[in-house]
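What follows is each chain in one-letter form.
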Amino acid sequence: MTMNKNAKLLENLEWQGVSRRTFLKYCATLASLMALPPSAGRAMAEALAQAKRPSVIWLPFQECTGCTESITRSHSPSIEGMIFDMISLDYQETLMAAAGHQAEEALHKAMQDNMGKYVLIIDGSVATGLDGAYSCIAGRTNLEALREAAQGAAAIIALGSCAAYGGIPKAKPNPTGAVAVSDIIKDKPIVNIPGCPPIPVVITGVLAHYLTFGSLPELDKLGRPKAFYGETIHDRCYRRPFYDQGKFAKSFDDEGARKGWCLFELGCKGPVTYNACASVKWNGGASWPVEAGHGCLGCSEPDFWDAGGFYKALSMPADPLKMTAGAALAGAVAGVAITVANRAKKGAAKAAHETTTLADLEK
Amino acid sequence: MNEMQFLTWVRGPGLDIALSLFVLGVLWRLIEIYSLGRKKDLSAPRHKPGASGWHTIARRSVPPEGMFKTSPVSYVGGYVFHIGLAIIIFLFIPHIKLIESLVGVSWPGLPSQVVDLVTVVTLAAMIVLLADRIMKPTKRYLSGFQDWFTWTLTFLPVLTGWLAVQHLLLPYTTMLALHILTAELLLVFIPFTKLFHAFTVFGSRWFNGAVNGHKGVPV
């Protein structure tokens, strides 16, 4: 069985056994997730139903395939997964059957056929060290491949924290000179969908928005869709009342942990992490890290790897204090030195003191 | 530098620098002040000088007769904001966590809504005191650069901390970083401004009381 490549989205969904009603429900959910007005759900349904499958080219750079795993596994066979099937994924190394020259041909054909119209998804950071030689595919550096593929793209989705900010490859000391997609490409609309990995529905949400309105959703300062990255994990966390009451788990197996108290003291980065995990959750809404008993790592924020350690509370020093002991010594030495100087001054004054006698006064 | 890097800097190298300058300054000034000494008073003490010292420590925490009526704002405002600061600094759980990680001691904290309320009251008290300092000609006349400067240094960490918790003006991450930065500025300036009274207030009261007691004027 193969689906019709030129069929409209809804036709393909119906062919896969997804009813129109289910589809409408999905669109309404998506619209409300993205904080769009109720009418947008309908508009989205209409637009998506009519939409031809857009060509999507997915290039993996310095990455771990976690982003692909996230999307292909966690939601399958949910409707998000099916929507995802409904795009024309013309090049994705992990998922495509082709390899070698065949794969390269597929890539170039997709780029030529859809010049100026395809959506380019990048996962992984771009190595710039040694002219990009740290990461090559088919004998070409990621840097070259990105520049070439970006030229014909209508929009670029930087998927995952590596593509969005440089991510783990960029962690100190960044041996490969890893950078984000937005550090290289300046003349195309780029949406960052950070996370390690990102939430699947965020990706489909952005694609749906693009198909419906022909534009990218509203982005924040870091290029993330505001609808999903507008609030912190902490503000949406179901454990938040415990934070406010001052009830904290002190270790991963204490009374507090068993009672599901706040994980702030165990290093949760929820207060400074903007993502939708707390509301959308993972694995089809089954659970999410904090619900599973582990603090948020802050994976959708830039440089989360170098932000002072996963198990240190946010209010604790990010690095060990290096200078304080020396400073204490210097302070003590300064104090003693001044004491000696003061004493010497006093002693000198005392030595120079001349006793005044009655005879002196009568002179 | 993005906001996360800013936050990591103030939590890392920034904190290291600030704490180092703070510790350096505090030790330096404490040793300097307490090693100054005084000439030995050879006269026979007219009162037990030590007892008078302790008495003065307590006595000067209470307004002298009539003074409360003369300047109630200074007394009430002063008490409210000093106690408020102590509660905010020592009973807000993230702060306790910081102290614990630095010196290894910890104690139970207060629910964050209580600290939030105390913060609002503290900020209000500080603003009223500032207004009073500006409005009252005598206080204004007595105020120098340090008085305005130290007020600002103290006010900013409280304000930014509250704004961060309330998610006002700037994103939380940026505001939290600004909060830590302003607290670090405060730390750096404590040893070298009149804010050093945090360390010397009771020592100097004791000394004054003891000297006066020796002279026969226990107060």
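Here, every reference points to the structure presented above.
For the structure given in this document, a descriptive report is provided here. (Residues numbered from 1 in each chain as written. Chains lettered and ligands numbered in written order. Predicted model: local features only at pLDDT ≥ 70, side-chain atom pairs only at ≥ 80, totals over all residues. Heavy atoms only, no water.)

**Observations regarding the packing of helix H2 (residues 20-33) of chain A against helix H10 (residues 200-213) of chain A**
Residues and elements named next belong to chain A. Keep this limit in mind: For every element, the axis is a line fit to its C-alpha atoms; helices are fit only across the contacting stretch, and the angle between N-to-C directions ranges from 0 to 180 degrees. To qualify as a helix, a DSSP run of H or I must reach at least 4 residues; to qualify as a strand, a run of E must reach at least 2; elements of each kind are numbered from the N terminus. Angular relationships are summarised with four words: roughly parallel below 35 degrees, roughly antiparallel beyond 145, roughly perpendicular across 65 to 115, and oblique for the angles in between. Contacts are assigned to residue pairs that have any heavy atoms within 4.5 Å of one another. For this scheme, ten residues count as nonpolar: Ala, Val, Leu, Ile, Met, Phe, Trp, Tyr, Cys and Pro. Four count as charged, namely Asp, Glu, Lys and Arg, and the remainder, Gly too, count as polar.
Across the interface, H2 lies against H10 with an axial gap of 10 Å and an inter-helix angle of 95°. Between H2 and H10, the angle is such that the two are roughly perpendicular. Contacts between H2 and H10 pair Tyr26, Leu30 and Leu33 from the former with Val201, Thr204, Gly205 and Ala208 from the latter. Along the lines of polarity and charge, the residues of the contact of H2 with H10 split into five nonpolar, two polar and no charged.

**Concerning the pattern of salt bridges**
All names here are of chain A. Convention followed: We define a salt bridge as a contact between a side-chain nitrogen of Lys or Arg and a carboxyl oxygen of Asp or Glu at a distance within 4 Å. Here's how the labels work: a residue is buried when its accessible area is under 20% of the maximum for its type, exposed when over 50%, partly exposed in between, all with a 1.4 Å probe on protein chains only.
Summed over the entire model, instances satisfying the criterion amount to 19 salt bridges over all chains. A salt bridge links Lys226 to Glu218; the nearest nitrogen and oxygen atoms lie 3.1 Å apart. When its relative accessible area of 39% is taken as the criterion, Lys226 is described as partly exposed. Between Glu255 and Lys259 there is a salt bridge, with the nearest N and O atoms lying 3.3 Å from each other. Looking at Glu255, the relative accessible area reads 44%, which means it is partly exposed.

**Structural notes on the interface of chain B and chain A**
Applied cut-off: Two parts placed together each lose some accessible area under a 1.4 Å probe, and the buried area is that loss summed for both. Polar contacts here mean pairs of N or O atoms no more than 3.5 Å apart (in protein, one a potential hydrogen donor and the other a potential acceptor; neighbouring residues in sequence count only if both atoms are side-chain atoms).
Chain B puts 38 residues into the contact, and the matching count from chain A is 44 residues. Carbon and sulfur atoms supply 61% of the area buried between chain B and chain A, which totals about 3,500 Å² over both sides. Sorting the residues of chain B by area buried against chain A places Met4(B), Arg11(B) and Lys97(B) first, and these three jointly supply 19% of that buried surface. At the boundary of chain B and chain A, one finds two salt bridges. Here Lys221(A) makes a salt bridge to Glu3(B), at a shortest N to O gap of 2.8 Å. For the interface between chain B and chain A, the tally reads 18 residue pairs in polar contact (both at pLDDT 80 or more). Of all the secondary structure elements, the ones that give two or more residues to the side of chain B that touches chain A are helix H1 (3-11), helix H2 (13-36), helix H6 (93-103), helix H7 (112-135) and helix H10 (172-189) of chain B. Here the element with the most residues in the side of chain B that touches chain A is H2(B); it accounts for 14 residues. Here the side of chain B that touches chain A is built from residues that sort into 21 nonpolar, twelve polar and five charged.

**What about the sheet that holds strand S1 (residues 55-60) of chain A?**
Residue and element names in this part refer to chain A. Short version of the rule: A pair of strands is considered paired only if DSSP assigns at least 2 bridges between the two.
Sheet architecture is open: five strands sit in the order S2-S1-S3-S7-S9, paired in parallel fashion. Only two strands of the sheet have a single partner each, and these edge strands are strand S2 (88-91) and strand S9 (190-193). Strand-to-strand twist in this sheet, taken as the mean axis angle between neighbours without regard to direction, amounts to 25°. Looking at chain direction, strand S7 (residues 153-159) and S9 are connected through four bridges and run parallel. When the bridges of S9 are listed, Ala158 appears paired with Asn192.

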